[in-house]
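# Analysis of the macromolecular model
So the chains spell out like this:
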Amino acid sequence: MGYRIVLVDDHSLFRSGLKGLLERYAGCSVVAEAGDGEEFLKLVPDLEADVVFMDFSMPGLDGAQTTERALARRSDLKIITLSMFGEESYYQRMVEAGARGFLLKDSDMGDVIEAIETVVGGGSYFSPALLASLAGRMRTRDEADDEQLSSREREILVAVCRGLSNQEIADELFISKRTVDKHRANILEKTGCKNTASLVVYAIKNHIVEL
């Protein structure tokens, strides 16, 4: 695999542990570390990295502020948020700032590797536990910024964000599963999304749902 990784977290012990796991089990190379947002921003101009792991809760600039400022300077950076359970209320800010992935700090290495590969490949990633947690919190907004989806497609997108399967959506809306399949395919094509996580990010960014 051999991805180049940057770690941004104010706990040096956590960085050390994650670095060891990434280099030992994922074949990655940690090319830079930073203990806070300001330190990371100083590194940004010269960074050559595939993925940045960004802690949300840091002294000074938090993860959202750091992500937004970093991407304003280097739009090519792919940032994965690291968080603990209970911090989901901050994810709206991280999505709007431009984060591409979301991982719990106690995720297993399988999830970490999948997150790296998905984000490097151009997709978005939520750890399964986080996606399940977020699905129960999402609320539909009355006004959406999106104009390319039909009202029915937005309705189905909201249901997808709530974690419903195509059959469950069909049952809830009193339509056939085949119709839902077709709408979902149209939504993916119109939005350019590749998976459920990407659809959730799209819905949050376009204010179709909120956390």
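Residues numbered from 1 in each chain as written. Predicted model: local features only at pLDDT ≥ 70, side-chain atom pairs only at ≥ 80, totals over all residues. Heavy atoms only, no water.

### With respect to the nonpolar core
In this structure, Phe102, Phe126, Leu157, Ile169 and Ile208 are the most contacted members of the largest nonpolar core, which totals 37 residues. Among the secondary structure elements, those contributing two or more residues to this core are α4 (91-97), β5 (101-104), α6 (128-135), α7 (151-161), α8 (166-173), α9 (177-191) and α10 (196-205). Considering every element that reaches this core, the biggest residue donor is α10, with seven residues. Look past the residues within four positions of Ile208 in its chain and what remains in contact with it is Arg139, Thr140, Arg141, Ala144, Asp146, Leu149, Arg154, Leu157, Val158, Tyr202 and Ala203. Ile5, Leu18, Ile113 and Val119 belong to the second largest nonpolar core, which has 20 residues in total. (Core = buried A, V, L, I, M, F, W, Y, C linked by side-chain atoms within 4.5 Å. Buried < 20%, exposed > 50% of the residue type's maximum accessible area, 1.4 Å probe, protein only. Helix = DSSP H or I, 4+ residues; strand = E, 2+ residues; numbered from the N terminus. Contact = heavy atoms within 4.5 Å.)

### Structural notes on the side chain of Asn166
Positionally, Asn166 belongs in helix α8. Look past the residues within four positions of Asn166 in its chain and what remains in contact with it is Lys177, Val180, Asp181 and Arg184.

### Comments concerning the pairing of strand β2 (residues 29-34)
Of the strand pairs in this sheet, strand β1 (residues 4-8) and β2 are connected by five bridges, and their pairing is parallel. Residue pairing for β2: Leu7 is matched across the bridge by Glu33. Where the polypeptide runs from β1 across helix α1 (residues 12-25) and back to β2, its parallel neighbour, the crossover connection is right-handed. (Pairing = 2+ DSSP bridges. Right-handed = clockwise from strand over helix to strand, strands pointing away.)

### Focus: the layout of surface pockets
In this structure, the largest pocket occupies an estimated 200 Å³ of space. In this structure, the largest pocket is lined by 14 residues; those nearest its centre are Gly122, Ser124, Cys193, Ser198 and Val201. It is α10 that contributes the most residues to the lining of the largest pocket, four residues altogether. In terms of residue class, the lining of the largest pocket is made up of four nonpolar, seven polar and three charged. (1 Å grid on protein atoms, 1.4 Å probe; cavity = no way out; pocket = protein on both sides within 12 Å on 5 of 7 lines; lining within 4 Å. Points joined across faces, edges and corners; volume = space filled by probe spheres on them. Nonpolar A, V, L, I, M, F, W, Y, C, P; charged D, E, K, R; others polar.)

### Section: the sheet that holds β5
Taken in spatial order, the six strands make up an open sheet running β2-β1-β3-β4-β5-β6, and their pairing is parallel. With one partner strand each, in any of the chains shown, β2 and β6 (125-126) form the two edges of the open sheet. Summarising the sheet, strand β3 (residues 51-55) and strand β4 (residues 79-83) pair through four bridges and their orientation is parallel. Residue pairing across strands places Met54 opposite Thr81, the latter belonging to β4. Those strands touched by helix α3 (residues 63-73) are β3 and β4, and its axis lies near 150° from that of β3. (Axes fitted to C-alpha atoms, helices over the stretch in contact; angles between N-to-C directions.)

### Side note on the pattern of salt bridges
Tallied over the entire structure, the rule returns 13 salt bridges. Glu48 is the salt-bridge partner of Arg4, the closest N and O atoms lying 3.9 Å from each other. With Arg4 in strand β1 and Glu48 in the loop between α2 (37-43) and β3, this pair connects stretches of sequence that are 44 residues apart. With relative accessibility at 33%, the residue Arg4 sits in the partly exposed group. Among the residues examined, Glu48 registers a relative accessible area of 58% and is labelled exposed. Taking the shortest distance from any N to any O, the salt bridge between Arg152 and Glu155 comes out at 2.9 Å. In this pair, Arg152 and Glu155 are both assigned in helix α7, three residues apart and thus about one turn of the helix distant. Here Arg152 falls in the partly exposed class, since its relative accessible area comes to 29%. When salt bridges that share partners are traced, they join Arg4, Glu48 and Asp50 into one network. (Salt bridge = Lys/Arg side-chain N within 4 Å of Asp/Glu carboxyl O.)

### Section: the environment of Arg73
Following the sequence through the fold, Arg73 ends up in helix α3. Those residues within four positions of Arg73 in sequence are excluded, and the remaining contacts are Leu41 and Val44.

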